[in-house]
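Listed below, chain by chain, are the residues.
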Amino acid sequence: MIMQSLSPVPSPPVKDLLNQIPAYTPAKSMEQIRRELGLESVDRLAANENPFGSSPLAAEAVRSLGSDLLAQYPDGSSQLLRDKLAERLGVRTSQLVFGSGSFELLTLTAQAYLNPGEESLIPVPSFNWYKGATLLAGGVIHEVPLVNHSLDLEQLRQRINASTRIIWLCNPNNPTGTIFTADALLGLLEHVPSHVVVVLDEAYYEFAESEDYPDTVKLLEQYNNLIILRTFSKIYGLAGLRIGYGIGNESIIEGINRVKLPISLTATSQAAASASLDDHEFVSHCLHYNRQGRETLIQSFDHWKLPYIPSETNFIMVDLLQDSGPITIELLNRGISVRGGAEFGMPTWLRITIGTPEQIARLIGELDSLLHSND
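Residues numbered from 1 in each chain as written. Predicted model: local features only at pLDDT ≥ 70, side-chain atom pairs only at ≥ 80, totals over all residues. Heavy atoms only, no water.

## A word on the nonpolar core
Soluble globular proteins tend to pack their nonpolar side chains together in the buried interior. Among the nonpolar cores identified, the biggest contains 49 residues, and Leu-96, Leu-169, Phe-232 and Ile-247 are the most heavily contacted of them. Take this core: its biggest share by element is four residues, from helix H3 (residues 79-89). If we skip the residues at most four places from it in the chain, Ile-247 touches Leu-89, Val-91, Gln-95, Leu-96, Val-217, Leu-220, Leu-226, Ile-227, Ile-228, Arg-230 and Ile-253. (Core = buried A, V, L, I, M, F, W, Y, C linked by side-chain atoms within 4.5 Å. Buried < 20%, exposed > 50% of the residue type's maximum accessible area, 1.4 Å probe, protein only. Helix = DSSP H or I, 4+ residues; strand = E, 2+ residues; numbered from the N terminus. Contact = heavy atoms within 4.5 Å.)

Right, dumping it as structure tokens:
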């Protein structure tokens, strides 16, 4: 019997709300960049990773796990890490939730607390996944522009309405690196209705040195609608292991646990994170060179007479006073990856991760030659 040629069966459509959400495109890996451009090495100053790697204690903790654990499920409660972190923060273990980096925790928060048709207040520009998390939950985005590159909490307070369900606050803010103060935060929280969840994304909080930066953990006993999200990806250099955590009162954490996958952290990530908490010397080393590198970059910006945004993070934004796209591409061709500002609605700006002293020196040299090639 000869089978007739049949037309392929069409693919099933995704659910309707996904049509509003563009597929997330991850940044190209170092290997992809090297292959495409024929480069031997690339200074990756685009992703706000720790240029000094991770703690030696974390690496040793991973090595000591033993291969037999590869066949076993990890501890679903992350108990050892949970106990250590709770003691460090001065909270109860039941006030913590762990996830696969900030992306998962942001998504889970929206899934738990945002009903279809309800509204998220999102400062712009800020971390872009607040929009993705909102749309995945069927929510509505209400953008609130920054003022002088900073979150304006008074303006956010005025935008709260009956449909508002989540307010997303990034402090320090990505991509601008600015902070809002403890007084400004209290001024907002005192006027936020109890049914509105305030999400404090503090991925870069370890870098903030201002005396006005809020100590948010102390606010949890008073504000039951507050959740703080932090990560081991930045100062601890564990971005490749994908581990973040949330801090809140038990009721708000319970809500997130209802939508959380039962086991989302590997044994490797738990062990590395736990060990990292003990390496105060590594953290001090990274903060010292981050501070030094930021000052070196600022000196060059001042010399070139280029505006920049004072930063409380491990990155800094500078205004090239021209389209930054071509310069971003040329820097990449020279083996330096930085972030162009167009995706943040800031087309003349660059966001630069503060790298090692050697990386910063090379960036300054290459950027100087590009900016002044016609002098």
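Let's pick the thread back up.
## Section: helix H8 (residues 250-259)
Regarding H8, the residues found buried are Ile-252, Ile-253, Gly-255 and Ile-256. Down the axis of H8, the buried side of the element spans an arc of 155°, and every buried residue falls inside it. Looking at the buried side of H8, the elements it contacts are strand S2 (96-99), helix H4 (101-113), strand S6 (197-201), strand S7 (226-231) and strand S8 (244-248). (Arc of directions from axis to C-beta.)

## A short note on the environment of Val-199
Within the secondary structure, Val-199 sits in strand S6. Residue classification places Val-199 among the buried residues on the basis of a relative accessible area of 0%.

## Here's the deal with empty space enclosed by the protein
For the structure shown, the criterion picks out two cavities of 30 Å³ or more. Considering only enclosed or pocket space, the largest cavity measures out at about 50 Å³ in volume. Lining the largest cavity are Glu-49, Asn-50, Pro-51, Phe-52, Phe-207, Ile-235, Cys-286, Asn-290, Asn-314 and Ile-354. Within this model, the second largest cavity holds a volume of roughly 40 Å³. Residue lining of the second largest cavity: Phe-207, Glu-209, Leu-287, Asn-290, Arg-291 and Arg-294, and that is the complete set. A per-class count over the lining of the second largest cavity returns two nonpolar, one polar and three charged. (1 Å grid on protein atoms, 1.4 Å probe; cavity = no way out; pocket = protein on both sides within 12 Å on 5 of 7 lines; lining within 4 Å. Points joined across faces, edges and corners; volume = space filled by probe spheres on them. Nonpolar A, V, L, I, M, F, W, Y, C, P; charged D, E, K, R; others polar.)

## Considering the pairing of strand S4 (residues 140-145)
Sheet topology note: the strand S3 (residues 119-124)/S4 ladder contains six bridges and is parallel. Opposite Pro-123, over in S4, you have Val-144 as the bridge partner. The β-α-β motif built from S3, the intervening helix H5 (residues 129-136) and the parallel element S4 has right-handed crossover chirality. (Pairing = 2+ DSSP bridges. Right-handed = clockwise from strand over helix to strand, strands pointing away.)

## Remarks on the layout of surface pockets
In this approach the atoms are scanned with a rolling probe the size of a water molecule, which exposes any empty space left behind. As a volume, the second largest pocket reaches approximately 240 Å³. Lining the second largest pocket are 14 residues; nearest its centre among them are Arg-88, Tyr-205, Glu-206, Arg-230 and Tyr-236. At the level of elements, H3 and helix H10 (280-304) are the ones that each hand at least two residues to the lining of the second largest pocket. Broken down by element, the residue count for the lining of the second largest pocket peaks at three residues, all from H3.

## Considering the packing of helix H2 (residues 56-63) against helix H9 (residues 267-276)
Two numbers describe how H2 lies on H9: the axes approach to 8 Å, and their chain directions differ by 145°. The hand of the H2/H9 crossing is right-handed. Side by side, H2 and H9 meet where Leu-57, Ala-58, Ala-61 and Val-62 of the first sit next to Thr-268, Ala-271, Ala-272, Ala-275 and Ser-276 of the second. Across the contact of H2 with H9, the residue classes tally to seven nonpolar, two polar and no charged. (Axes fitted to C-alpha atoms, helices over the stretch in contact; angles between N-to-C directions. Left-handed = near helix turned anticlockwise from the far one by under 90°.)

## Section: unusual backbone geometry
Cis geometry marks the peptide bond from Val-124 to Pro-125; its omega dihedral reads -5°. Counting through the fold element by element, Pro-125 comes out in the loop between S3 and H5. Residue Asn-171 is joined to Pro-172 through a cis peptide bond whose omega torsion reads -5°. Along the chain, Pro-172 turns up in the loop between strand S5 (164-170) and helix H7 (182-189). Here the phi dihedral of Asn-148 falls at roughly 55°; this positive angle occurs in a residue that is not glycine. Tracing the chain through its elements places Asn-148 in the loop between S4 and helix H6 (153-159). Under the relative-accessibility criterion, Asn-148 is labelled exposed at 69%. Backbone geometry places His-149, a non-glycine residue, at a positive phi of 70°. If you trace the backbone, His-149 turns up in the loop between S4 and H6.

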